[in-house]
Amino acid sequence: MKTRNQTELFRRLPSVDDLLHEATVISLITSYGHDPAVDAARTVLARLRQEISSGLLDEHAIDLALSDLCGAIETQLRQSLSYSLRPVINATGVILHTNLGRAPLSESAIDHIRETATSYSNLEFDVVSGDRGKRDIQVDRLLRRLLNEDSRQPQLSTIVVNNNAAAVLLALNTLAEGREVIVSRGELVEIGGSFRIPDVMAKSGAILREVGTTNRTRIVDYEQAISERTRLLLRVHRSNFQITGFTEQASTAQLKELARKHNLLLMEDLGSGALFDLRSLGITDESTVLDSLRSGVDVVTYSGDKLLGGPQAGLISGAAELVARMRSNSLFRALRVDKLIYGALEATLLAYVRGDHEAIPTLRMMQLRKETISERVGTLVAQIGTPQLKVEVTDGESLLGAGAAPSAALPTQLLAVTCERLSAADLAARLRHSDPPIIARVEEGRVLLDLRTVFPEQDAAVAAALNRIVS
Ligand SMILES: *Cc1c(COP(=O)(O)O)cnc(C)c1O
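Residues numbered from 1 in each chain as written. Predicted model: local features only at pLDDT ≥ 70, side-chain atom pairs only at ≥ 80, totals over all residues. Heavy atoms only, no water.

Asker: Explain the overall build of the chain to me, and be specific about the residues and the numbers.
Answerer: In terms of regular secondary structure, the chain is built from 20 helices and 18 strands. Dimensions of the chain along its principal axes, counting C-alpha atoms only, are 85 × 55 × 55 Å. Looking at the chain as a whole, 50% of its 471 residues qualify as buried. The long-range fraction of contacts in the chain, counting pairs at least 24 apart against all pairs at least 6 apart in sequence, stands at 75%. (Helix = DSSP H or I, 4+ residues; strand = E, 2+ residues; numbered from the N terminus. Buried < 20%, exposed > 50% of the residue type's maximum accessible area, 1.4 Å probe, protein only. Contact = heavy atoms within 4.5 Å.)

Asker: Kindly report on the site of the ligand, identifying the contributing residues and their values.
Answerer: Taken together, R102, N163, N164, A165, I191, F195, H237, S239, D269, G271, S303 and K306 form the complete shell of residues around the ligand. Contacts to the ligand include N164, whose backbone N or O atom sits 3.0 Å from an oxygen atom. One nitrogen or oxygen atom from the main chain of A165 is found 2.9 Å from an oxygen atom belonging to the ligand. Considered on its own, the ligand offers 380 Å² of accessible surface; in the complex 94% of this is hidden by protein. Residue assignment for the shell around the ligand shows that the elements contributing at least two residues are α9 (164-176) and β11 (265-271). (Near = heavy atom within 4 Å. Polar contact = N/O pair within 3.5 Å; in protein donor to acceptor, adjacent residues only side chain to side chain. Areas by Shrake-Rupley, 256 points an atom, 1.4 Å probe, with all protein chains shown as cover.)

Asker: For the pairing of strand β15 (residues 409-419), give the residues involved together with the corresponding values.
Answerer: The element β15 is largely enclosed, with a buried count of nine among its eleven residues. Bridge count between strand β14 (residues 389-401) and β15: eleven bridges; the pairing is antiparallel. Considered in β15, the bridge of E392 is made with A416. Relative to strand β18 (residues 446-450), β15 runs antiparallel, the two sharing four bridges. By the bridge assignment for β18, V417 is matched with V447. (Pairing = 2+ DSSP bridges.)

Asker: Pulling in residues and values, what's your account of helix α19 (residues 424-432)?
Answerer: Looking only at α19, the buried set comprises A424, L427, A428, A429 and L431. Those residues of α19 that are buried are in contact with β14, β15, β16 (438-439), β17 (441-443), β18 and α20 (459-469).

Asker: Run through the environment of L270, naming residues and quoting values.
Answerer: Of note, L270 is situated in strand β11. The exposure class of L270 is buried, given its relative accessible area of 1%. Each C-alpha atom of the pair L270 and A464 lies 41 Å from the other, and the pair is 194 residues apart in sequence. Apart from residues no more than four positions distant in its own chain, L270 is found in contact with H237, S239, S287, T288, V289, S292, V300, T301 and Y302.

Asker: Pulling in residues and values, what's your account of helix α4 (residues 34-53)?
Answerer: For α4, with 20 residues, the first-to-last C-alpha span of 29 Å sits near the 28 Å given by 1.5 Å per residue. Regarding α4, the residues found buried are A37, V38, A40, A41, V44, L45, L48 and I52. Here the buried residues of α4 occupy an arc of 160 degrees about the axis, which is enough to place them on one side. Along α4, exposed side chains directed more than 90 degrees from the buried face belong to D35 and Q50. Considering only its buried residues, α4 is in contact with α1 (4-12), α2 (16-20), α3 (23-32), α5 (59-67) and α6 (69-80). Two residues or fewer after α4 comes G55, characterised by a positive phi angle close to 70 degrees. (Expected span 1.5 Å × (residues − 1). Arc of directions from axis to C-beta.)

Asker: So what about the side chain of K306? Which residues, and what values?
Answerer: Tracing the chain through its elements places K306 in the loop between β12 (299-303) and β13 (314-319). There is no salt bridge for the buried K306, and the closest opposite charge comes from D305, which lies 6.7 Å off by N-O distance. Those residues in contact with K306 that sit more than four places away from it in its chain are L96, R102, A103, G271, S272 and A402. (Lys, Arg positive; Asp, Glu negative; His and termini not counted. Salt bridge = Lys/Arg side-chain N within 4 Å of Asp/Glu carboxyl O.)

Asker: I'd like a rundown of the sheet that holds β15, residues and numbers included.
Answerer: In sheet architecture, strand pairing relies on hydrogen bonds along the backbone and comes in two forms, parallel and antiparallel. The strand order across the open sheet built from five strands is β2-β14-β15-β18-β17, with neighbouring strands paired in mixed fashion. Both edges of this open sheet fall to β2 (94-96) and β17, since each of them pairs with a single strand only. Sheet twist, expressed as the average angle between the axes of neighbouring strands with direction ignored, equals 40 degrees. (Axes fitted to C-alpha atoms, helices over the stretch in contact; angles between N-to-C directions.)

Asker: Can you lay out the packing of helix α8 (residues 137-147) against helix α16 (residues 339-353) for me, pointing to particular residues and giving the numbers?
Answerer: How two helices sit against one another is set out by the angle between their axes and by the gap between those axes. Two elements in contact, α8 and α16, have axes separated by 9 Å at closest approach and are oriented at 20 degrees. One way to sum up the angle between α8 and α16 is to call them roughly parallel. Here α8 runs over α16; the crossing is left-handed. Residues Q138, V139, R141, L142, L143, R145 and L146 of α8 form the contact with α16, whose participating residues are Y342, L345, E346, L349, L350, Y352 and V353. (Parallel < 35°, antiparallel > 145°, perpendicular 65-115°, else oblique. Left-handed = near helix turned anticlockwise from the far one by under 90°.)

Asker: Account for the domain arrangement of the chain, naming residues and giving values.
Answerer: You can read the domains of the chain as domain 1 (4-81), domain 2 (89-97 + 366-469) and domain 3 (107-356). Taking the mean C-alpha position of each, domain 2 and domain 3 sit 34 Å from one another. (Domains from an automatic or database assignment.)

Asker: If you had to explain the sheet that holds β11 to someone new, which residues and values would you point to?
Answerer: In space, the seven strands of this open sheet follow the order β3-β13-β12-β11-β9-β4-β7, with mixed pairing throughout. A single partner strand is all that each edge strand has here, and the edge strands are β3 (156-161) and β7 (207-211). The average angle at which neighbouring strand axes cross in this sheet is 25 degrees, direction not considered. Where strand β9 (residues 230-236) meets β11, five bridges bridge the pair, whose relative direction is parallel. Its bridge partner lying in β11, V236 is registered against D269. Running at roughly 145 degrees to β7, helix α10 (residues 197-204) makes contact with β4 (180-184), β7, β9 and β11 of the sheet.

Asker: I'd like to hear about the environment of R325, residue by residue, with values.
Answerer: Its location among the elements puts R325 in helix α14 (residues 320-327). Ignoring sequence-local partners within four residues, the contact set of R325 consists of T174, L175 and R231.

Asker: For the pattern of salt bridges, give the residues involved together with the corresponding values.
Answerer: In total, this model carries 31 salt bridges according to the counting rule given. For the salt bridge of E346 with R141, the shortest nitrogen-to-oxygen distance reads 3.5 Å. On the criterion of sequence distance, the pair formed by E346 in helix α16 and R141 in helix α8 is long-range, its members being 205 residues apart. Linked by salt bridges that have partners in common, E124, R132, R135 and R336 make up one network.

What follows is the structure in structure tokens.
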């Protein structure tokens, strides 16, 4: 029910038509076009009506709002006509942050997309023969170079789908529809965004046969579960958690032996799927795609935008004959990726073939030495001239993130920021409202910024934002 007072306030609002005859609004129409301007005027008036109904506006507030109606319409117009997907500065120190878009792409990936996607390309065309070609040969060619280190190995092949969840779905559907797949209970994982192994298994039409316990699964557990219905042994990387204490896990070598003995396939969902050796970073418990294939796994699935450092994609590498079957599965057609992804992926993989890891932003961040970060921290601190802000330098750890080596931490140096009159949560919120938004961690009443994940050319923007947010 409207009160009399509210009816009075409603009456003060102009109609959309009235507004469209005002000179200032006419100039907005000229700059932004008729329809967007009318939409914005409607939105602003509707918001005011809503606020009056909820009793948020009194006479004075309405006067204030009406005095700058045109400004409000322009702000609304700008917002509605600007991108909502926009760059942010990742100062969390989590290199592969799923919420922040995982791996930033390399310059060459963007150049290659621009070059091939703004014109026609040979995506599915064999220029030499003039015949129809396959879209994944470029990527397959590079992965053969990267993964086929031993020419005596059976031929390996790779196909690309939308993401690793799709890769697992396609592989299970192709290899084990209607048959049993044995998985350890310690590996029935859920990855963020509702990827759960049992659910994907059900969608694929394969039948889950769980064995062992959460903390211990021995090779005999697998062996006892094998029957004439069994088709596949599946190993799933525990990407985002660790099981410690009284634990046991069958080794990949044991699983391979068992699979061979019973004529079964062995598949591994690696998740992160590194193409470079993480041991160089002191990370020993994360096996690479090559490690997995070397130990005899028939099919490996992994993401394009985790440790690989490329675009969102799911890669399936394995015995050429098995991969060929996945390619001819009609699900593949539904899950395939477009030319933008091939462009970005090809450029990223070419950097690996050239041995140019520095070209891939996430690899560069992983390899950053603490001393280098610490020098940048020093430069940044020197640029902060705001006495209200207390900035300390402290040792800390960066994370790989996105379900890659959950226990692995890289030593770093952090900026720890506090302000007497603002809580850490307020400070972090002000950083998020900077342009571009800066995303930081809040721990123990301090805002922590890790420059490992900040591009060096963004350091100055971080310093400027810190100076601005308390002034
Ligand atoms: C991340 C991950 C997935 C899901 O990969 P997406 O590319 O995000 O679809 C599946 N399995 C494991 C083990 C993972 O780590």
